[in-house]
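The chain contents come next:
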Amino acid sequence: MVHFSAEEKAAITGLWGKVHVEEAGGEALGRLLVVYPWTQRFFDNFGNLSSASAIMGNPKVKAHGKKVLTSFGEAIKNMDNLKGSLAKLSELHCDKLHVDPENFRLLGNVLVIILASHFGKEFTPEVQAAWQKLVAGVATALAHKYH
Amino acid sequence: MALSAADRAAVRALWRKLGSNVGIYTTEALERTFASFPATKTYFPHFDLSPGSAQVKAHGKKVADALTLAVAHLDDLPGALSALSDLHALQLRVDPVNFKFLGHCLLVTLARHYPGDFGPAMHASLDKFLSHVSAALASSYRWTPGGVAGPQPPLPRAPESQ
């Protein structure tokens, strides 16, 4: 089980409080689809994904990004029990959505990059390290129920 | 996933903008790599890894020079990086997974310092460039019996069915 120190929790929740979830969610999912185009395989019904600007402006991408990041926020409230709190979502991603867990790692790293660009100086190596631990924990928890 | 003309233009443009500061960012990328991916420190037991370390700074400069060389040879990364690949494969023996960690932390560093230049398209081009660099660095890693460039022995044939 992942254990977060008090400093790590502070680094995570301190930043999260300032994140605009709707905007950041759309940006994270959008960048995932732009930088790793094969991830578009899950979104055939999302309409126009033909260019970077089409993807970033796509309303379905923004809506879904918001949904994903909102779930992420819930996970942050349960940092001490990521596997438990993400169990249902893990089953969903395996049984219904058939998403390769590698995609969770890719999205986690894209999120870290977005936080760096939004928070600049505040995103120190130590803050980044706490976030890398979190995104890795979330990815592992989301993969935990796979069979 | 070959580098398109647009990818190359984007990478060259950013590198021109970074100018003589590349070493500052590669050093920060190294610091971030050691902080976020502690296993990477196992390759540097002989280094002082505390903040501001002169050794890390010197190593950052080496990485910067190598990346600048890569940017100058985008049309032939394997060729340009072949000596560095031999070094990493045969002497340093760094597991290639670590190239991805450093690449990611370099993207984090550039996003942190140049958010206005780090749109999705630039992000994609840089990510592609760094994965090509990683692949070129990893290209010397497997050796064949008889030497690094020796011929492969024939694969054993499956027994003929009766």
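Residues numbered from 1 in each chain as written. Chains lettered and ligands numbered in written order. Predicted model: local features only at pLDDT ≥ 70, side-chain atom pairs only at ≥ 80, totals over all residues. Heavy atoms only, no water.

Remarks on the overall build of chain B
Alright, step 1. On a plain count of helices and strands, chain B comes out with 7 helices and 0 strands.
Alright, step 2. Ordered by position from N to C terminus, the α and β elements of chain B give α-α-α-α-α-α-α.
Alright, step 3. For chain B, buried positions account for 44% of its 162 residues.
Alright, step 4. Sequence-distant contacts, at least 24 apart, represent 75% of the contacts inside chain B between residues at least 6 apart. (Helix = DSSP H or I, 4+ residues; strand = E, 2+ residues; numbered from the N terminus. Buried < 20%, exposed > 50% of the residue type's maximum accessible area, 1.4 Å probe, protein only. Contact = heavy atoms within 4.5 Å.)

As for the overall build of chain A
Alright, step 1. Counting its secondary structure elements, chain A contains 8 helices and 0 strands.
Alright, step 2. Each helix and strand of chain A, placed in order from N terminus to C terminus, yields the pattern α-α-α-α-α-α-α-α.
Alright, step 3. The C-alpha atoms of chain A give 15 Å as radius of gyration, which agrees with the globular expectation for 147 residues (15 Å, within 12%).
Alright, step 4. Across its three principal directions, the C-alpha atoms of chain A cover 45 × 40 × 20 Å.
Alright, step 5. The buried share among the 147 residues of chain A stands at 48%. (Rg over C-alpha atoms; globule rule 2.2 N^0.38 Å.)

A word on the interface of chain B and chain A
Alright, step 1. Contacts between the two partners involve 19 residues from chain B, matched on the other side by 19 residues from chain A.
Alright, step 2. Both faces combined, the contact of chain B with chain A buries some 1,700 Å², and carbon together with sulfur accounts for 64% of it.
Alright, step 3. Of all residues in chain B, Arg112, Pro120 and His123 of chain B bury the most surface against chain A, accounting for 30% of the area lost on that side.
Alright, step 4. Where chain B packs against chain A, one counts 0 salt bridges. (Buried area = accessible area lost by both parts, 1.4 Å probe. Salt bridge = Lys/Arg side-chain N within 4 Å of Asp/Glu carboxyl O.)

A few points about unusual backbone geometry
Alright, step 1. Its identity as a non-glycine residue notwithstanding, His98 of chain A has a phi of 55°, on the positive side.
Alright, step 2. If you trace the backbone, His98 of chain A turns up in the loop between α6 (87-96) and α7 (102-119).
Alright, step 3. Unlike most non-glycine residues, Arg93 of chain B shows phi in positive territory, near 50°.
Alright, step 4. Secondary-structure assignment places Arg93 of chain B in the loop between α5 (82-92) and α6 (97-113).

Details of the pattern of salt bridges
Residues and elements named next belong to chain A.
Alright, step 1. Summed over the entire model, instances satisfying the criterion amount to 13 salt bridges over all chains.
Alright, step 2. The shortest N-O distance in the salt bridge between Arg105 and Glu102 comes to 3.0 Å. One end of the pair is Arg105 and the other is Glu102, both in helix α7 and 3 residues apart, which spans about a single turn.
Alright, step 3. Of the residues examined, Arg105 reaches a relative accessible area of 40% and is grouped as partly exposed.
Alright, step 4. Its relative accessible area of 33% is what places Glu102 among the partly exposed residues.

Comments concerning helix α4 (residues 59-77) of chain A
The α-helix winds at 3.6 residues per turn, so residues separated by three or four positions along the chain end up facing the same way.
All names here are of chain A.
Alright, step 1. Between the first and last C-alpha of α4 there are 27 Å, a value that for 19 residues agrees with the 27 Å anticipated at 1.5 Å per step.
Alright, step 2. Taken as a whole, α4 has its buried residues at Val61, Gly65, Leu69, Phe72, Gly73, Ala75 and Ile76. Taken down its axis, α4 places every buried residue within 150° of arc, on the same side. More than 90 degrees from the buried face of α4, the exposed residues found are Pro59, Lys67 and Lys77. (Expected span 1.5 Å × (residues − 1). Arc of directions from axis to C-beta.)

Overview of the confidence of the model for chain B
Residue and element names in this part refer to chain B.
Alright, step 1. This prediction gives chain B a mean pLDDT of 89; 87% of its residues lie at or above 70.
Alright, step 2. Ignoring residues within four places in sequence, the model shows residues 147-152, a span with pLDDT below 50, making 7 contacts including any to other chains.
Alright, step 3. Both confidence scores are given for the complex: pTM 0.87, ipTM 0.86. (pLDDT = per-residue confidence, 0-100.)

Some details on α7 of chain A
All names here are of chain A.
Alright, step 1. Over its 18 residues, α7 extends 26 Å from the first C-alpha to the last, a length consistent with the 26 Å expected when each residue adds 1.5 Å.
Alright, step 2. With 13 of its 18 residues buried, α7 lies for the most part within the structure.
Alright, step 3. Taken from the residues just after α7, Gly120 is the one with a positive phi, measuring 50°.

Description of the packing of helix α3 (residues 54-72) of chain B against helix α7 (residues 120-138) of chain B
Residues and elements named next belong to chain B.
Alright, step 1. α7 packs onto α3 with a crossing angle of 105° between their chain directions and a minimal axis gap of 11 Å. With respect to their mutual orientation, α3 and α7 come out roughly perpendicular. Counted together, Leu67, Ala70 and Val71 of α3 and Phe129, Leu130 and Val133 of α7 form the full contact between these two elements.
Alright, step 2. Tallied by class, the residues present in the contact of α3 with α7 amount to 6 nonpolar, no polar and no charged. (Axes fitted to C-alpha atoms, helices over the stretch in contact; angles between N-to-C directions. Parallel < 35°, antiparallel > 145°, perpendicular 65-115°, else oblique. Nonpolar A, V, L, I, M, F, W, Y, C, P; charged D, E, K, R; others polar.)

Digging into the nonpolar core
Alright, step 1. Core analysis: the biggest nonpolar cluster contains 67 residues, and Phe72, Phe123, Trp131 and Leu134 of chain A together with Leu110 and Phe129 of chain B have the highest contact counts within it.
Alright, step 2. Among the elements that take part in this core, helix α8 (residues 125-143) of chain A stands out by supplying 9 residues, more than any other.
Alright, step 3. Residue contacts for Phe72 of chain A: discarding those within four places in its chain leaves Trp16, Leu111, Trp131, Leu134, Val135 and Val138 of chain A.
Alright, step 4. Counting 16 residues, the second-largest nonpolar core is a separate cluster that includes Ala28, Tyr36 and Phe43 of chain A together with Ala124 of chain B. (Core = buried A, V, L, I, M, F, W, Y, C linked by side-chain atoms within 4.5 Å.)

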